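Chain by chain, the residues run as shown.
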Amino acid sequence: MLQPIAAAQHSYLKDSFALKEMICKLHLPPNALLFTCDAKSMYTNIPTETALTSISQYITTEEKKLFHHYNSQALIEALQIVFRNNVIQFGDTFWRQTSGTGMGISPAPPWATIFFALHENTFLTKYNQRLIFYKRFIDDVFGIWLPHPCQHQNQILWHAFKKHMQEYHGLEWDFTPLSTSCNFMDLTISVTHNHLTTTLFEKQQNLYLYIPPHSSHPTGMIHGLIHGNILRIHRLCTHKLDIQQKTQTFFQRLIHRGYSPTLLCQIFKQAEYKAASFLANTQTQNTTSQTSNNTAHHPKIFLHLQYHPQDPTRRTIQQLWASTVAKPPGKTPLQDLKNINGYKTGLDRLTIAYSRPMNLRNKFSVRKIHGRGTNVSSYTSNP
């Protein structure tokens, strides 16, 4: 319910792919500078009652004007239940959060997005001449600032803008200095000849500990990892040489994890072809394709298995399913069987859903402290 409302805000940013599409079309003045800022502990510092009041007023006012997918009263009551009753278990005790947004609850991202957008809507237009681009991904902001010709006046305007950002119910924002290059999300963005170029931002501390080939994971895992990362490299890097270098580096990192170069070459070729096909399509074509895949309704049966490398493969199980259940020779196919009311089952697909067994981390990393040592409640009881 909240997500379409959050997505309609002027500052809303879906992801780094959307940002790349926006900024690659910009033609910048020669002196344009970049900046980022992020909120300190945004979720925990959002005052619950204040947010409930302001967001409730907004969704009530905008109901039937901009949005037609909700009943405002029902949505407000749902928000009150969720955000006033975030209960946390600690050992043998339970605690209710009285202020701040609960980490991990599904409405938290759009909730935080809308809450600060209501503040942004009151002051961002004052800086239209200087703030030529501004987008926010929950608690991370990327912007482009056009300095005033007068350095003193520019400092006044820049500090005034930062002050406006800080003046909203105690939320604090850390700003990077104005620069021709900055890191934002998983991008490094730079000003190059009045345009913006991007490449992948990779932290120096990242060890790239990809799952090794001897690990007990389905064989399709490495295909998904490579296809996803190759497409990401092609979509987020501006220059072809950069794409080649990032791809080669990715290849070498997998070699160092123990993968066969022969196997990797086959998968990388497939991934490169699919990435090129994706980029050759228009955004509308890709969106339509994804939507049709997500919305296509095929009645199916799920088989949940704990994965083991010595078990029969997916292909073997699917063949057994087809020959003994779905379409047994000389018998009525499963999808044509009728129930007592005369309706066909329509079941024609089997989806095999794997889960992993417990690993060493599960064995040695304690997630629940109940029953281990002194009860937490003994420290909270009245003497």
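Remember, it's a predicted structure, so these values are computed and weren't measured experimentally. Throughout, a residue's number is its position along its own chain's written sequence, starting from 1. A pLDDT threshold of at least 70 governs which residues receive local features in this predicted model, and a stricter bar of 80 or more applies before side-chain atom pairs are shown or counted, although totals over entire chains, interfaces and linings include all residues. The basis for every side-chain value is the complete set of heavy atoms in the structure, and neither hydrogens nor water enter the calculation.

What's the story with helix H12 (residues 314–326) in this structure? I'm lost.
Put simply, DSSP H or I for four residues or longer makes a helix, DSSP E for two residues or longer makes a strand, and each gets a number counted from the N terminus. What a helix is expected to span follows from its residue count: subtract one and scale by 1.5 Å. Its 13 residues place the ends of H12 only 16 Å apart at the C-alpha level, less than the 18 Å of an ideal helix rising 1.5 Å per residue. Only protein chains enter the accessibility calculation, which uses a 1.4 Å probe. A residue is then buried if its area is under 20% of the maximum for its type, exposed if over 50%, and partly exposed in between. Looking only at H12, the buried set comprises Ile317, Trp321 and Ala326. Down the axis of H12, the buried set is contained in an arc of 85°. They therefore lie on one face. Of the exposed residues in H12, those oriented more than 90 degrees away from the buried face are Arg315 and Thr324. Contacts were defined at the residue level, with two residues in contact if any of their heavy atoms lie within 4.5 Å. In this structure, the buried side of H12 is in contact with strand S10 (300–306) and strand S11 (349–355). In this description, the arc belongs to the directions extending from the helix axis to the C-beta atoms.

Can you help me understand the pairing of strand S1 (residues 33–39) in this one?
In regular strands, side chains alternate between the two faces of the sheet. Most of S1 is tucked away: six of the seven residues are buried. Between any two strands, pairing holds if DSSP finds at least two bridges. The pairing of S1 with strand S5 (residues 140–145) spans six bridges and is antiparallel. Bridge pairing in S5 places Thr36 opposite Phe142. Of the pairings in the sheet, the one linking S1 to strand S6 (residues 173–175) comprises three bridges and is antiparallel in character. Residue pairing in the sheet places Asp38 in a bridge with Asp174 of S6.

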